[in-house]
Amino acid sequence: MAKWFNSQSRLVQILLLLIPVVNWIVEIGVRWSHFFDKKGFGSLLLAILVTVVGVVWGWIDVIWCLLFKHLIFAK
């Protein structure tokens, strides 16, 4: 799902991250798929963090996505 999200246009990425419930679902999908691809401790930590406070983290990711066209630590 991380590859799918990064392949989307910036407008679609921002729209997915602006809608609160959709934001949380997208964050969970992207973070866990990134963890399963990379198997890093940082990826696991972020996946767990996003699962718990995904909506709050999602608002930070909206700004990051506007600037860099990918989520924080999920390129």
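Here the structure is shown first, and the text comes after it.
Overview of the structure. Going along each chain's sequence as written, the residues are numbered from 1 onward. Residues qualify for local features only when their pLDDT is at least 70, as the model is predicted, and side-chain atom pairs are given and counted only at 80 or more; totals for whole chains, interfaces and linings, by contrast, use all residues. Working from all heavy atoms in the structure, the side-chain values ignore hydrogens and water.

### Some words on the overall build of the protein
Item 1. Each helix and strand in the protein was counted, giving 4 helices and 0 strands.
Item 2. Traced from its N-terminal end to its C-terminal end, the protein shows the element sequence α-α-α-α.
Item 3. C-alpha atoms define the radius of gyration in this analysis, and the globule rule sets the expected value at 2.2 Å times the number of residues to the power 0.38. A compact globule built from 75 residues should have a C-alpha radius of gyration of about 11 Å, and the protein, at 11 Å, falls within 12% of that.
Item 4. Each residue gets one of three labels from its accessible area relative to the maximum for its type: buried under 20%, exposed over 50%, partly exposed in between, using a 1.4 Å probe on protein chains only. The burial tally for the protein puts 39% of its 75 residues in the buried class.
Item 5. We call two residues in contact when some of their heavy atoms are within 4.5 Å. Sequence separation of 24 or more characterises 64% of the internal contacts of the protein that already satisfy a separation of 6 or more.
Item 6. Looking at the protein as shown, the accessible area adds up to about 4,500 Å², and 80% of this sits on carbon and sulfur atoms. Strands here mean DSSP runs of E at least two residues long; helices mean DSSP runs of H or I at least four residues long; both are numbered from the N terminus. Shrake-Rupley sampling with a 1.4 Å probe provides the accessible areas, and residues are treated as covered by the protein chains on show and by no other component.

### A few points about the environment of Met1
Item 1. You can see Met1 is positioned in the segment before α1 (2-7).
Item 2. Judged by relative accessible area, which is 41%, Met1 ranks as partly exposed.
Item 3. Residues in contact with Met1, not counting those within four places in the same chain, are Val26, Gly29, Val30 and Ser33.

### Side note on empty space enclosed by the protein
Item 1. Space inside and on the surface of the protein is sampled on a 1 Å grid over the protein atoms alone, with a cavity defined as a set of points where a 1.4 Å probe fits but cannot get out and a pocket as an open set with protein on both sides within 12 Å along at least 5 of 7 lines; lining residues have an atom within 4 Å of a point. Grid points are joined across faces, edges and corners, and a volume is the space filled by probe spheres set on the points. Taken as a whole and judged by the stated rule, the model has 1 cavity of 30 Å³ or more.
Item 2. Here the largest cavity is characterised by a volume of approximately 30 Å³.
Item 3. Every residue along the wall of the largest cavity is listed here: Arg31, His34, Ser43, Leu46, Phe73 and Ala74.
Item 4. Contributing elements (two or more residues each) for the lining of the largest cavity: α3 (20-38) and α4 (41-68).
Item 5. Each residue gets one label: Ala, Val, Leu, Ile, Met, Phe, Trp, Tyr, Cys and Pro are nonpolar, Asp, Glu, Lys and Arg are charged, and the others, such as Gly, are polar. In terms of residue class, the lining of the largest cavity is built from 3 nonpolar, 2 polar and 1 charged.

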